[in-house]
Amino acid sequence: MFERYHIPLKTVQSRAAPVPKFVIVRADNCMNCGKCEKACIYGVHKRSEQDPRKMADPINQLCKNCFRCIQDCPQRSLVMMPGPEFRSLGRGTWTPLRITTIWGEAETGKIPVFGAGYRGMFTGPGYDGMWTDMSEIVRPTRDGIHGREFISTSVDIGRKPAYLDFGKDGSVETKFPPIIELPIPVVMDVTRLRTSSEGMLTGFAQAAGHLDTLLIAPPGLLPSGASAELNSHYVPAYPEGTDVDSIELQDGVRMVELQLGPSWKDDLKQFRYRFPGTVLSFRLNAAKDSESTVLDLVKSKVEVVHVLYDEESVELDSLDGRHAKESLRAIHKAMVSKAVRDQITLIAGGGIAAAEHVPKSIICGADVVALEKALVIALECRDCFTCSKGSCPINLHNAPADWVGGRVTNIVGAWRDQLLEVLGAMGLREVRRLRGELGRAIFYEDVEREAFSDVLGGSGDG
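The text that follows walks through the structure, step by step, so that each part is easy to find. Note that the structure is a prediction, hence the values are computed from the model and not measured. (Residues numbered from 1 in each chain as written. Predicted model: local features only at pLDDT ≥ 70, side-chain atom pairs only at ≥ 80, totals over all residues. Heavy atoms only, no water.)

Concerning the pairing of strand β11 (residues 304-308)
Most of β11 is tucked away, with five of its five residues classed as buried. Residues Val304, His306 and Leu308 point to one face of β11 and Val305 and Val307 to the other, with burial holding for every one of them. One ladder, built from five bridges, connects strand β10 (residues 279-285) with β11; its direction is parallel. The residue bridging Arg283 from the neighbouring strand is His306, located in β11. The parallel pair β10 and β11, bridged by helix α8 (residues 290-299), forms a crossover whose chirality is right-handed. Of the pairings in the sheet, the one linking β11 to strand β12 (residues 345-349) comprises five bridges and is parallel in character. The residue bridging Val307 from the neighbouring strand is Ala348, located in β12. (Buried < 20%, exposed > 50% of the residue type's maximum accessible area, 1.4 Å probe, protein only. Helix = DSSP H or I, 4+ residues; strand = E, 2+ residues; numbered from the N terminus. Pairing = 2+ DSSP bridges. Right-handed = clockwise from strand over helix to strand, strands pointing away.)

Set out below in structure tokens:
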């Protein structure tokens, strides 16, 4: 019987003290009149329980930046400023707002609502310079957001036959290569995490099982209990130079990853001889010539390529590497031009820092997205410059496995719900149709070129 895919979500409370976005300071000239308490509908201001004649310190994490208390204070004794701890979170793509948004998604599993409107810039580097088509959002009766229609987020990992062969009696004679169907276009990859513990890895394994997706990890990294629990959800990732003859797979493993090296053709031949029923994925460090490398892999009938970017979604081979937005489009277009796009699955990993990055990566050409750093951020990681077990402000290494599993399940659930919102707003009923649909997005560089290329001194001048 058909059963609609559903991610069970429940609140997983924070272990660390909240980091307020805004800090309100009460000056000494406060008369304790209580007008701020009446003005604030969020409960930031309350009277002291020890001495009701005085106002207690503001509960900053509840502040929504409405300025009502400051406006109503007759003594002008309240001052609000951005929280210094909030501003110190993260770096680069991993902005304080993105990090705290992930925390909220991991805690509740709900789509974040910012409420006060977006007051920032409307474009930026990388995926921030890309806007998705929402033209169908004006037709809510046809989308699946409200349950009237089903939207599929299932994807296939593996090589699909281009056509079918039939015998004289009408029976299918095509030999189907191994293929994996996942209910979500998201897998988890812990091979490049800067830090991990037994509890974290066990929790990631639990989440992979709950979500019915894959967890990619080096062999021997996962605790024995977690590895056994994962079973068919576990994907061992072997480093470059691994002797394929030395690989021993546990029962149930459906896919293996090998780091692409000079001997990849020999590795491919030997792997197919030893494990004909297992999907092989080559891990490819993204570089300027990734397009030609991927075409070589397609020509050799490799089933899956996992393209790796850094934490900023930039290619790994140089300091001025392309962003995944350009790199994935180039790889996708190269395969489309050779009419081989459906012959390989493209997994994109690195720098996926927000729910919107999932559909944007798919629009640029990826079939599946791999979560890496976002898994740790979901555990309230501050993304400190100095990361060590002894100095972790949230004692991440002592996080219990059940808590980790719940937080990771919640964030993937929240991101899937946002993917459904995007697909519904586009009028699409399955995520497979989104892959490479460049017409579903607007790229800031293209708009700027079209608008100003003919203007003297514009982008097209000189």
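Text resumes after the structure shown.
Digging into a nonpolar patch on the surface
A cluster of nonpolar side chains, namely Trp131, Ile442, Tyr444 and Val447, defines an oily patch on the protein surface of about 320 Å² accessible area. With respect to the helices, strands and loops of the structure, Ile442 is situated in strand β14 (residues 441-443). Judged by relative accessible area, which is 44%, Ile442 ranks as partly exposed. (Patch = residues over 30% accessible without salt bridge, like charges linked within 9 Å, V, L, I, M, F, W, Y side chains within 5 Å. Areas by Shrake-Rupley, 256 points an atom, 1.4 Å probe, with all protein chains shown as cover. Salt bridge = Lys/Arg side-chain N within 4 Å of Asp/Glu carboxyl O.)

Considering the nonpolar core
One finds Ile157, Val187, Phe204, Leu215, Phe282, Leu328 and Trp415 to be the most contacted residues of the largest nonpolar core, which totals 115 residues. With 12 residues, the top contributor of residues to this core is helix α12 (residues 401-426). In this view, Leu215 contacts Met188, Val190, Phe204, Ala205, Ala208, Leu222, Leu230, His233, Tyr234 and Val235; residues no more than four positions away in its chain are not counted. Residues Val44, Cys73, Leu78 and Met80 belong to the second largest nonpolar core, which totals 12 residues. (Core = buried A, V, L, I, M, F, W, Y, C linked by side-chain atoms within 4.5 Å. Contact = heavy atoms within 4.5 Å.)

Remarks on the packing of helix α5 (residues 198-211) against α12
Where α5 contacts α12, the two axes come as close as 7 Å, and the packing angle between them is 45 degrees. With respect to α12, the element α5 is oriented oblique. Considering how the two elements wind past one another, α5 and α12 form a crossing that is right-handed. Two secondary-structure elements touch here, α5 through Gly199, Met200, Thr202, Gly203, Phe204, Gln206, Ala207, His210 and Leu211 and α12 through Ala401, Asp402, Val404, Gly405, Val408, Thr409 and Val412. Class assignment of the residues belonging to the contact of α5 with α12 gives a composition of eight nonpolar, seven polar and one charged. (Axes fitted to C-alpha atoms, helices over the stretch in contact; angles between N-to-C directions. Parallel < 35°, antiparallel > 145°, perpendicular 65-115°, else oblique. Left-handed = near helix turned anticlockwise from the far one by under 90°. Nonpolar A, V, L, I, M, F, W, Y, C, P; charged D, E, K, R; others polar.)

Things to note about the environment of Val305
Structurally, Val305 can be placed in strand β11. With 41 residues separating them along the chain, Val305 and Leu346 place their C-alpha atoms 5.3 Å apart.

Observations regarding the sheet that holds strand β13 (residues 368-371)
If you walk around this closed barrel you meet the eight strands as β6-β7-β8-β9-β10-β11-β12-β13, and the pairing is parallel. Here the strands of the sheet are splayed against their neighbours by 25 degrees on average, with no regard to which way each runs. Direction of pairing for strand β6 (residues 186-189) relative to β13: parallel, over a ladder of three bridges. The residue of β13 that forms the bridge with Val186 is Val369.

Description of the packing of helix α4 (residues 96-108) against α12
At a minimum axis distance of 6 Å, the contact between α4 and α12 shows a crossing angle of 105 degrees. By the angle between their directions, the pair α4 and α12 is classed as roughly perpendicular. Here Ile102, Trp103, Glu105, Ala106, Glu107 and Thr108 of α4 lie close against α12, whose contacting residues are Gly406, Arg407, Asn410, Ile411, Ala414, Trp415 and Gln418. In terms of residue class, the contact of α4 with α12 is built from six nonpolar, four polar and three charged.

Brief notes about the side chain of His357
Note on placement: His357 falls in helix α10 (residues 357-364). Those residues within four positions of His357 in sequence are excluded, and the remaining contacts are Thr93, Arg98, Tyr127, Gly351 and Ile352.

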